[in-house]
Amino acid sequence: MTNPYQPQPSPYVTGPLPTGRPRMFNSTIAKVIWTLVPIVSIGIGAGVPMVVAAVKNVIKPWLAIVYVTAEVLILGIGTAVSPEGDSPFVGLLLIFLIVASATHTALLDNDRVNIGK
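So, here is what we can say about the structure in this document. Bear in mind that the values here come from a model prediction, so they are computed numbers and not experimental data.

1. Observations regarding the environment of Ala 106
- Of note, Ala 106 is situated in helix H5 (residues 88–106).
- Separated by 72 residues in the primary sequence, Ala 106 and Trp 34 place their C-alpha atoms 7.9 Å from one another.
- Not counting residues within four places of it along the chain, the set of residues in contact with Ala 106 comprises Phe 25, Lys 31 and Thr 35.

Now the structure itself:
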């Protein structure tokens, strides 16, 4: 017969360890919506998915800070070069920002990418 007053092992200590790291997207629809954020916002919201991923501990916070800083720098350079917005250089910078941010957002849950995770 077992002693009811004898301490039993805790299920938290003896349970299996969680595998992997936190995920950014719960479904494919969520991945599509988050990937569309930089595209729909025309590059202004390019850093938003990275900040959310840093809050969810999917990526390191320094990576989100670098990403937002680069976004502000690119948009600042684009505004300084041509305040009217009629320069093809500014359009090219904006296209690169949108494509890069949408691609990086889509790769947040990829297990092959280990930089900043």
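2. Digging into the packing of helix H2 (residues 28–40) against helix H3 (residues 48–55)
- Taken N-terminus to C-terminus, the directions of H2 and H3 make an angle of 140°; their axes are 9 Å apart at the nearest point. As far as their axial angle goes, H3 and H2 are oblique. For the pair H2 and H3, contact is made by Trp 34, Val 37 and Pro 38 and by Val 48, Pro 49 and Val 52, respectively.
- Of the residues contributing to the contact of H2 with H3, the split by class is 6 nonpolar, no polar and no charged.

About the thresholds
- Residues numbered from 1 in each chain as written.
- Predicted model: local features only at pLDDT ≥ 70, side-chain atom pairs only at ≥ 80, totals over all residues.
- Heavy atoms only, no water.
- Helix = DSSP H or I, 4+ residues; strand = E, 2+ residues; numbered from the N terminus.
- Contact = heavy atoms within 4.5 Å.
- Axes fitted to C-alpha atoms, helices over the stretch in contact; angles between N-to-C directions.
- Parallel < 35°, antiparallel > 145°, perpendicular 65-115°, else oblique.
- Nonpolar A, V, L, I, M, F, W, Y, C, P; charged D, E, K, R; others polar.

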